[in-house]
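Here is how the chains run, residue by residue.
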Amino acid sequence: MSPREALRTAFQAILANRLRSFLTTLGVVIGVMSVVLLVSIGQGARSEITGAIEGLGSNLLFVLPGSGDFGGPPTRSRFTLDEVEAVARALPRGEERVSGQVLGTETVGAEGERVTTTVYGVSAGHTTVVDREIARGQGFAPSDVVGNRRVALLGADVATELFADLDPIGRSISIGGSRFRVVGVLEVVGSSAFGPSQDEDVYVPLTTGMRLLSVSNVDTIYVRSDTTEALDADRETVERVLGQRLAEDQFTVFTQDEIVGVVGTILQILTFVLGAIAGISLLVGGVGVSNIMLVSVSERTREIGLRKALGARTRDITAQFLLEAVALTGLGGVLGLGIGVGLAQVVTLVSPIPAEVTTWSVALALGVSTGVGLLFGVLPARRAGRLDPVEALRHD
Amino acid sequence: MRGGGGAPGVPLLEAEAVERTYRMGGDVEVRALRGVSFRVDRGDYVAIVGTSGSGKSTLLNLIGALDRPDGGHVRYDGRDVREMSDTELAELRNVRIGFVFQSFHLLSRMTARDNVAMPLVYRTSSPKERRRRATEALEAVGLGDRVDHRPTELSGGQQQRVAIARALVTEPALILADEPTGNLDTRTGEEIMGLLEGIQADRGTALVVITHEPEIAGRAGRRIELRDGLVVADAVQIPTRSTPAAVAP
Ligand SMILES: Nc1ncnc2c1ncn2[C@@H]1O[C@H](COP(=O)(O)OP(=O)(O)O)[C@@H](O)[C@H]1O
Ligand SMILES: [Mg+2]
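Everything in this summary refers to the structure shown in the same document. Keep in mind that this is a model prediction, so the values were computed, not measured. Each chain has its residues counted from 1, running along the sequence as written. Throughout, the order in which chains and ligands are written sets their labels, letters from A for the former and numbers from 1 for the latter. The predicted nature of this model means local features are confined to residues of pLDDT at least 70 and side-chain atom pairs, given and counted, to a pLDDT of 80 or more, with totals for whole chains, interfaces and linings taken over all residues. With hydrogens and water set aside, each side-chain value is computed from the structure's full complement of heavy atoms.

1. Side note on the overall build of chain B
Here comes step 1: Looking only at helices and strands, chain B features seven helices and 10 strands.
Here comes step 2: Seen through its C-alpha atoms, chain B measures out along the principal axes to roughly 50 × 45 × 40 Å.
Here comes step 3: Buried means the residue's accessible area, taken with a 1.4 Å probe over protein chains only, is under 20% of the maximum for its type, while exposed means over 50%, and partly exposed covers the values in between. The buried share among the 249 residues of chain B stands at 55%.
Here comes step 4: For this analysis, residues touch if any pair of their heavy atoms sits within 4.5 Å. For chain B, long-range pairs separated by at least 24 residues make up 70% of all intrachain contacts whose partners lie at least 6 apart in sequence.
Here comes step 5: When the accessible surface of chain B is totalled, it reaches about 10,500 Å², and 48% of it is carbon and sulfur.
Here comes step 6: Counted charges follow a simple rule, with Lys and Arg positive, Asp and Glu negative, and His plus the chain ends left uncounted. Working definition for charges: the position is that of NZ of Lys, CZ of Arg, CG of Asp or CD of Glu. Taking the average location of the 33 positive side-chain charges in chain B and that of its 35 negative ones, the two points are 4 Å from each other. Strands are runs of DSSP state E lasting at least 2 residues, helices are runs of H or I lasting at least 4, and numbering of each runs from the N terminus. Note on areas: these come from Shrake-Rupley sampling with a 1.4 Å probe, and a residue is covered only by the protein chains present in the view.

2. Observations regarding the nonpolar core
Here comes step 1: By size, the foremost hydrophobic cluster in this structure holds 66 residues, and its most contacted members are Phe-38 and Ile-48 of chain B.
Here comes step 2: Per-element accounting of this core gives the leading share, six residues, to helix H12 (residues 314-350) of chain A.
Here comes step 3: If we skip the residues at most four places from it in the chain, Ile-48 of chain B touches Phe-38, Lys-56, Leu-59, Ile-63, Val-208, Val-209, Ile-210, Thr-211, Ile-224 and Leu-226 of chain B.
Here comes step 4: If you look at the next biggest cluster of nonpolar residues, it comprises 45 residues, including Phe-79, Val-84, Ala-124 and Phe-140 of chain A. In this description, a nonpolar core means a group of buried Ala, Val, Leu, Ile, Met, Phe, Trp, Tyr and Cys residues linked to one another through side-chain atoms lying within 4.5 Å.

3. Some remarks on the interface of chain A and chain B
Here comes step 1: In this assembly, 24 residues from chain A lie in contact with 22 residues from chain B.
Here comes step 2: Buried area, as used here, totals the accessible surface that two parts lose on assembly, with accessibility defined by a 1.4 Å probe and the loss added over both. It is Leu-306, Leu-310 and Val-390 of chain A in chain A that bury the most area against chain B; as a group they hold 26% of the surface buried on that side.
Here comes step 3: Whenever a carboxyl oxygen of Asp or Glu lies within 4 Å of a side-chain nitrogen of Lys or Arg, that contact is scored as a salt bridge. The interface formed by chain A and chain B holds three salt bridges in total.
Here comes step 4: Linking Glu-303 of chain A and Arg-109 of chain B is a salt bridge whose minimum nitrogen-to-oxygen distance equals 2.9 Å.
Here comes step 5: Here a polar contact is recorded for every N or O atom pair within 3.5 Å, except that within protein the pair must consist of a potential hydrogen donor and a potential acceptor, and residues adjacent in sequence are included only if both atoms are side-chain atoms. Here chain A is connected to chain B by seven residue pairs in polar contact (both at pLDDT 80 or more).

4. Section: the site of ligand 1
Here comes step 1: Nearness here has a simple test: a residue counts as near a molecule or strand if at least one of its heavy atoms is within 4 Å of that partner. In the region of ligand 1, 14 residues are neighbours, and Gly-53, Gly-55, Lys-56, Ser-57 and Thr-58 of chain B sit closest.
Here comes step 2: Surrounding ligand 1 is a set of residues that belongs to chains A and B.
Here comes step 3: Here an oxygen atom of ligand 1 sits 2.8 Å away from a polar atom, N or O, in the side chain of Ser-57 of chain B.
Here comes step 4: Between Thr-58 of chain B and ligand 1, the recorded distance is 2.5 Å, taken from a side-chain N or O atom to an oxygen atom.
Here comes step 5: When isolated, ligand 1 has an accessible area of 560 Å², and the protein chains bury 71% of it.
Here comes step 6: Contributing elements (two or more residues each) for the shell around ligand 1: helix H14 (389-394) of chain A together with strand E2 (29-40) and helix H1 (56-63) of chain B.

5. Some words on the packing of helix H11 (residues 301-309) of chain A against H12 of chain A
Residues and elements named next belong to chain A.
Here comes step 1: Note on geometry: axes are C-alpha line fits, over the in-contact stretch for helices, and angles between N-to-C directions span 0 to 180 degrees. Closest axis-to-axis distance for the H11/H12 pair is 10 Å, and the angle between their directions is 140°. Our classification of the angle between H11 and H12 gives oblique. When the axes of H11 and H12 are compared, the crossing they make is right-handed. The segment H11 lies against H12, with Glu-303, Ile-304, Arg-307 and Lys-308 engaging Thr-314, Ile-317, Gln-320 and Phe-321.
Here comes step 2: Residue classes in the contact of H11 with H12 are distributed as three nonpolar, two polar and three charged. Any angle that is under 35 degrees is reported as roughly parallel, and any over 145 degrees as roughly antiparallel; angles of 65 to 115 degrees are reported as roughly perpendicular and all others as oblique. The handedness criterion is simple: a crossing whose near helix is rotated anticlockwise from the far helix by less than a right angle is left-handed, and one whose near helix is rotated clockwise is right-handed. In this classification, Asp, Glu, Lys and Arg are treated as charged, Ala, Val, Leu, Ile, Met, Phe, Trp, Tyr, Cys and Pro as nonpolar, and every other residue, Gly included, as polar.

6. With respect to helix H2 (residues 86-96) of chain B
Here comes step 1: Residues of H2 of chain B that are buried include every one of Leu-89, Ala-90, Leu-92, Arg-93, Asn-94, Val-95 and Arg-96 of chain B, and no others.
Here comes step 2: Considering only its buried residues, H2 of chain B is in contact with H11 of chain A together with strand E4 (71-76), strand E6 (97-100), helix H3 (112-121) and strand E7 (174-178) of chain B.

7. Observations regarding a nonpolar patch on the surface
All names here are of chain A.
Here comes step 1: A patch is a set of surface residues, each over 30% in relative accessible area and not in a salt bridge, joined within 9 Å for like charges and within 5 Å for the nonpolar side chains Val, Leu, Ile, Met, Phe, Trp and Tyr. Where nonpolar side chains cluster on the molecular surface, the patch consists of Leu-19, Phe-22, Leu-23, Leu-335, Ile-339, Leu-343, Val-346, Leu-349 and Val-350 and spans about 860 Å² of accessible area.
Here comes step 2: For the nonpolar patch, the secondary-structure elements that each account for two or more residues are helix H2 (18-54) and H12.
Here comes step 3: In terms of residue count, H12 provides more of the nonpolar patch than any other element does, six residues in total.
Here comes step 4: Given the relative accessible area of 39%, Leu-335 is considered partly exposed.

8. Overview of the environment of Leu-138 of chain B
Residue and element names in this part refer to chain B.
Here comes step 1: With respect to the helices and strands, the residue Leu-138 is situated in helix H4 (residues 127-140).
Here comes step 2: Leu-138 gets classed as buried once you look at its relative accessible area, which sits at 0%.
Here comes step 3: Sequence separation of Leu-138 and Ala-173 is 35 residues, and the distance between their C-alpha atoms is 19 Å.
Here comes step 4: Setting aside residues up to four positions removed in sequence, Leu-138 forms contacts with Ala-112, Arg-113, Val-116, Leu-143, Gly-144, Val-147, Val-162 and Ala-165.

9. Some thoughts on the sheet that holds strand E10 (residues 230-236) of chain B
All names here are of chain B.
Here comes step 1: The sheet built from six strands is open, its strands ordered E6-E7-E8-E3-E9-E10 with mixed pairing. For this open sheet the edge positions go to E6 and E10, each flanked by a neighbour on one side alone. In this sheet, neighbouring strand axes are inclined to one another by 15° on average, regardless of whether the strands run parallel or antiparallel.
Here comes step 2: Should DSSP find at least two bridges between two strands, the strands are taken to pair. Strand direction decides the pairing type here: strand E3 (residues 45-50) and strand E9 (residues 222-227), joined by five bridges, are parallel. Looking across to E9, one finds that Ala-47 is bridged to Arg-223.
Here comes step 3: Packed on one face of the sheet, helix H6 (residues 186-203) meets E3, E6, E7 and strand E8 (206-210) and runs near 150° to E8.

10. Examining the sheet that holds E4 of chain B
All names here are of chain B.
Here comes step 1: Taken together, the four strands give an open sheet; going across it, the order is E2-E1-E4-E5, and neighbouring strands pair in antiparallel fashion. Bordering the open sheet on either side are E2 and strand E5 (79-80), each of which pairs with just one other strand.
Here comes step 2: Alignment of strand E1 (residues 13-23) against E2, held across nine bridges, turns out to be antiparallel. In the strand pairing of E2, Arg-20 is matched with Leu-33.
Here comes step 3: Strands in contact with H1 are E1, E2 and E4; relative to E2, the strand with the most contacts, it is inclined by about 55°.

11. What about the packing of H3 of chain B against H4 of chain B?
The description of two helices packed together rests on the angle between their axes and the distance between the axes.
All names here are of chain B.
Here comes step 1: Direction vectors running N to C along H3 and H4 enclose 120°, while the axes themselves pass 9 Å from each other. Accordingly, the angle class assigned to the pair H3 and H4 is oblique. Judged by the twist between their axes, the crossing of H3 over H4 is right-handed. Between H3, through Ala-112, Arg-113, Val-116, Ala-117, Leu-120 and Val-121, and H4, the contact on the second element is made entirely by Arg-130, Arg-131, Arg-133, Ala-134, Thr-135, Ala-137 and Leu-138.

This is how it looks when you write it as structure tokens:
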């Protein structure tokens, strides 16, 4: 039988029993739909998060506690203010280019309003280092940090939530029960898909923040290089300075590229895992197809007998039923793909996570769904091919 | 291998001391055929008769190359069916034999034309050629205006005509009909027999009809009678036909 004729025969059989064909392949439809949807969401999350890190600017170095093994347990930071200062002293214009950071969740209140948000203790140069603009007022002065002053910079949303239309500059707020004076409001960053928006951030001077949060260690040290070319030299300096003060496995310096790479890889793996879990439902769908195909073979025993009497060889019959299974799961794959892509659009519309339909997830879903048909069609197809024509014709 | 082919002198079909025994569970055996011999030549018209259980269907399966004998030989064009592989048997059925069954065996999801074209699907032929030949075969059985109908939209007699067209479309050397009128009323049955006989007469196709109806058996040029798995009579006879062989225009 020619491939073209075989395909025609397969579709004829599928269309002859539309509802049943649809129900048979429903598992595949749902499986492919979940794979496409979950992978799109994972992929969208990856782009969003890596994009957010890239938004910090490409000339940034991150000094993180621990040996840099992201798979291991979280390590307690050994950085103190002394380490931040040592790094700043070792670099030209270090005061402007180095920032230590601590963070914690606190309740912030003013004018009878209260919000719970992330409060960062940061060095004076922080806004420049991580590339955040100040919309109104001014940033911290080195004296604010040295003097342990209770001053604060508000994210745009926090400012609106606490003060509505009032100008917050110079007004007082309470953070974790202490009074602070607002010195500036940060420029709007825009919506973020993950965690609280950066417009919810509240900054206080590093020393004040450490006292407020009752911590003695700095979580992260940021270093901004003037140019991309200067990154390596700055990194060596940072590593040398910290190497003299800390053990080798107590700190690691990353470039922004490396962080994006590591985070990207982790999210990629997560996406694969999501896809694989959804893929299991595809296999379950395949078992369903196999089951119904076996029923179909037994129902169509007389057809098989007839075809053999008319000259069909064992392999013609096997190929016919195999192709039917593949066409069935292939159609299910196309349908599931359509629904999955549609749902991905809906997710993009209604949630802050833009789902990203990727070519590889589409190719994988279609490849796997036809593969599932091939795999689970073999058993029924072989059974059909092996039927004895005499017995098959007598069947009722 | 095509319609009227085969070497001269060699019979189209030869059964020689054919035996077929069914083994049931345990030691029970049913000897359905116990040494059957006869031959069919090109253009013959043979009726095989016998009471129920005499072995007619078993014999049909063997001469239809759907089954192999346990003893003796079935030869097509001198070639022993027992020495042929399953694939060779499939080709033999496709090329040399046209089947007509009591219960028509049409696929209800296909049009009359697709049903008729089905045997052509298992040989190299273009869709266009299949279409043309199937249409011609349907015209030959008087259903030129029903090509796109499905079996459920046709009467029993029309369905059997479609089945005959399907047997005809490959231009076989032998048409094997198993109780072809069994599911039809007497008048329609006679029309169907007339149609088969017209094909046999006009195209020189050998016709073997299995029946238990004496009126049908009486129409053939030769009558083979089976009893308990043995041939008890094999004789040329003068056909008795109530209606002349009528092929639809
Ligand atoms: N598949 C089979 N298994 C066991 N016995 C069978 C089978 N087919 C036919 N028989 C037996 O073989 C004998 C001949 O049957 P069959 O060829 O069908 O006769 P007929 O067609 O003349 O009625 C009967 O006794 C029948 O019961
Ligand atoms: Mg019988």
